[in-house]
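# Structural overview for review
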Amino acid sequence: MFATLLSTADASDSTEGRIAAVAALGGPFLTDRIDEIEAAHAAGLQAALIVPDSGSTDLLTAVNVAMRSEAEIIAVRTSALRAAESDRASQITRLATALAVAADRHRMLICVDAPLAPISGAEWDALPAESLLIDPIADPDAWRAAANLPGDRGLVL
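Residues numbered from 1 in each chain as written. Predicted model: local features only at pLDDT ≥ 70, side-chain atom pairs only at ≥ 80, totals over all residues. Heavy atoms only, no water.

With that settled, the discussion passes to the pairing of strand S4 (residues 106–111). Among the six residues of S4, five are classified as buried, and the element is accordingly described as predominantly covered. Pairing analysis gives five bridges linking strand S3 (residues 73–77) to S4, with the strands arranged parallel. Residue Val-76 lies in a different strand from S4, and its bridge partner there is Leu-109. Examined bridge by bridge, S4 and strand S5 (residues 131–134) share four bridges and lie parallel to one another. If you follow Cys-111 over to S5, its bridge partner there is Ile-134. (Buried < 20%, exposed > 50% of the residue type's maximum accessible area, 1.4 Å probe, protein only. Helix = DSSP H or I, 4+ residues; strand = E, 2+ residues; numbered from the N terminus. Pairing = 2+ DSSP bridges.)

Below, the structure written as structure tokens:
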């Protein structure tokens, strides 16, 4: 078991301070900066590279770029799963295509920027991700989606 900080900027203004805060919790170190990954590794932490999802096909390119990093975790920060049921299938297909590129890494979906729609077990099965990060305080209804997460997936609160 570990804990981490999604927004390490609240802990410190410096990379070293942010890494120290996460190290005290046990890691992993989440960052959107490739240059911070080596510093996290030097501190003995796993690194998660956060890839922002703008909702476009550019996500596939962004994940391909992230795969050039040494991050053990590729974390896609997305609001695409808030989509109405009629559009959700295309969003899941788009996300699944991008996540498939990172098959040899731990893949995390970060769903904290918009309410997470209730997602079925079959829809989760279509997404090749090993874990889901939600904020149950900011989005108390996210539990409805997380309740259908397959049992072999991790849930980070």
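Moving on to the packing of helix H3 (residues 58–66) against helix H4 (residues 85–100). The geometry of H3 relative to H4 is characterised by a closest axis approach of 8 Å and an angle of 20 degrees between their N-to-C directions. Between H3 and H4, the angle is such that the two are roughly parallel. In this structure, H3 crosses over H4, and the sense of that crossing is right-handed. Contacts from Leu-59, Leu-60 and Val-63 in H3 reach Arg-94, Leu-95, Thr-97 and Ala-98 in H4. Of the residues assigned to the contact of H3 with H4, the class counts are five nonpolar, one polar and one charged. (Axes fitted to C-alpha atoms, helices over the stretch in contact; angles between N-to-C directions. Parallel < 35°, antiparallel > 145°, perpendicular 65-115°, else oblique. Left-handed = near helix turned anticlockwise from the far one by under 90°. Contact = heavy atoms within 4.5 Å. Nonpolar A, V, L, I, M, F, W, Y, C, P; charged D, E, K, R; others polar.)

What follows is about the pairing of S3. Where a strand is regular, its side chains alternate between the two sheet faces. With four of its five residues buried, S3 lies for the most part within the structure. As judged from the five bridges shared by strand S2 (residues 47–52) and S3, these two strands associate in the parallel manner. The residue bridging Pro-52 from the neighbouring strand is Arg-77, located in S3.

Moving on: the pattern of salt bridges. Tallied over the entire structure, the rule returns 10 salt bridges. Taking the shortest distance from any N to any O, the salt bridge between Asp-113 and Arg-77 comes out at 2.8 Å. Taken together, the residues span a long stretch of sequence, with Asp-113 in the loop between S4 and helix H5 (121–125) and Arg-77 in strand S3 at a distance of 36 residues. The partner of Arg-105 in a salt bridge is Asp-104, and the shortest N-O contact between them spans 4.0 Å. A relative accessible area of 16% means that Arg-105 is categorised as buried. (Salt bridge = Lys/Arg side-chain N within 4 Å of Asp/Glu carboxyl O.)

Within the fold, Glu-16 resides in helix H1 (residues 15–25). Linking Glu-16 and Ser-69, residues 53 residues apart in sequence, is a C-alpha distance of 19 Å.

Here we come to the nonpolar core. By size, the foremost hydrophobic cluster in this structure holds 37 residues, and its most contacted members are Val-63, Leu-81, Leu-109, Leu-116, Trp-124, Leu-127 and Leu-132. Looking at this core element by element, the count peaks at five residues for H4. Once you skip the residues sitting within four places of it in the chain, Leu-116 turns out to touch Leu-81, Cys-111, Leu-132, Ile-134, Asp-139, Asp-141, Ala-142 and Ala-145. Counting residues in hydrophobic clusters, the runner-up holds nine residues, among them Ile-50, Ala-75, Met-108 and Leu-133. (Core = buried A, V, L, I, M, F, W, Y, C linked by side-chain atoms within 4.5 Å.)

Now for the environment of Cys-111. Here Cys-111 shows up in strand S4. Looking at Cys-111, the relative accessible area reads 4%, which means it is buried. Counting along the chain gives 30 residues from Cys-111 to Leu-81, while the straight-line C-alpha distance between them is 7.6 Å. Ignoring anything within four residues of it in the chain, the contact list for Cys-111 reads Thr-78, Leu-81, Leu-116, Leu-132, Leu-133, Ile-134 and Asp-135.

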